[in-house]
Amino acid sequence: MNKFAFVAAAALFAGMMTPAFADCDTRKADEDKQAAAASKCYDEYLSRAQNYGADKAELRANFQACNEKAGCPQNSSLLK
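Residues numbered from 1 in each chain as written. Predicted model: local features only at pLDDT ≥ 70, side-chain atom pairs only at ≥ 80, totals over all residues. Heavy atoms only, no water.

Asker: How should I be thinking about the pattern of salt bridges in this particular structure?
Answerer: Once the charged atoms of two side chains with opposite charge are near each other, the side chains can pair. Applying the stated rule across the entire model yields two salt bridges. For the salt bridge of Arg48 with Glu44, the shortest nitrogen-to-oxygen distance reads 2.3 Å. Of this pair, Arg48 and Glu44 are both found in helix H2 (residues 33-49), four residues apart, which corresponds to roughly one turn of the helix. Look at Arg48 and you get partly exposed, because its relative accessible area is 44%. By relative accessible area, Glu44 is classed as partly exposed at 39%. (Salt bridge = Lys/Arg side-chain N within 4 Å of Asp/Glu carboxyl O. Helix = DSSP H or I, 4+ residues; strand = E, 2+ residues; numbered from the N terminus. Buried < 20%, exposed > 50% of the residue type's maximum accessible area, 1.4 Å probe, protein only.)

Asker: Quick question: what am I supposed to make of the environment of Leu79 here?
Answerer: Mapped onto the elements of the fold, Leu79 is located in the segment after helix H3 (56-70). The sequence separation of Leu79 and Phe63 amounts to 16 residues, and the corresponding C-alpha distance is 9.1 Å. Apart from the residues within four sequence positions on either side, Leu79 is in contact with Tyr42, Tyr45, Arg60 and Phe63. (Contact = heavy atoms within 4.5 Å.)

Asker: What is the right way to look at the state of the cysteines in this model?
Answerer: As used in these notes, a disulfide is a covalent bond between sulfur atoms, one from each of two cysteines. Taken as a whole and judged by the stated rule, the model has two disulfides. Across the disulfide from Cys24 sits Cys72; the S-S distance is 2.1 Å. In this structure, the disulfide formed by Cys24 and Cys72 twists by about -85° around the S-S bond and is classed as left-handed. You can see Cys24 sitting in the loop between helix H1 (2-21) and H2 and its partner Cys72 sitting in the segment after H3, a full 48 residues away along the chain. (Disulfide = S-S within 2.5 Å.)

Asker: Got a minute to help me understand the environment of Lys56 in this structure?
Answerer: By the secondary structure assignment, Lys56 is in helix H3. Residue classification places Lys56 among the partly exposed residues on the basis of a relative accessible area of 40%. C-alpha separation for the pair Lys56 and Tyr45, spaced eleven residues apart in sequence, amounts to 9.5 Å.

Asker: Help me understand H2 in this model?
Answerer: Note that an α-helix has 3.6 residues per turn; residues three or four places apart therefore point the same way. When the terminal C-alpha atoms of H2 are compared, their 24 Å separation across 17 residues agrees well with the 24 Å that a helix rising 1.5 Å per residue should span. Where H2 is concerned, the buried positions are Ala35, Ala38, Ser39, Cys41, Tyr45 and Ala49. One side of H2 holds all its buried residues, which, seen down the axis, span an arc of 150°. Along H2, the residues that are exposed and aim more than 90 degrees away from the buried face are Lys33 and Lys40. (Expected span 1.5 Å × (residues − 1). Arc of directions from axis to C-beta.)

This is how it looks when you write it as structure tokens:
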């Protein structure tokens, strides 16, 4: 009985969290314009981060601003 309660609680939590990130999931960039915009932000960050001598603080700020503009501010947590 205790295992069932834990599984049910975990499923309920996952079900509540999924809709909050559904529009900004970069894996769905082919179907969703907002996800495509968020994916471009991440691609831009990765390509510029590979440059020798890149200012990481500036890149993080640009990444956060891009995600805000795309309407996906929660994607800024991808850089932790």
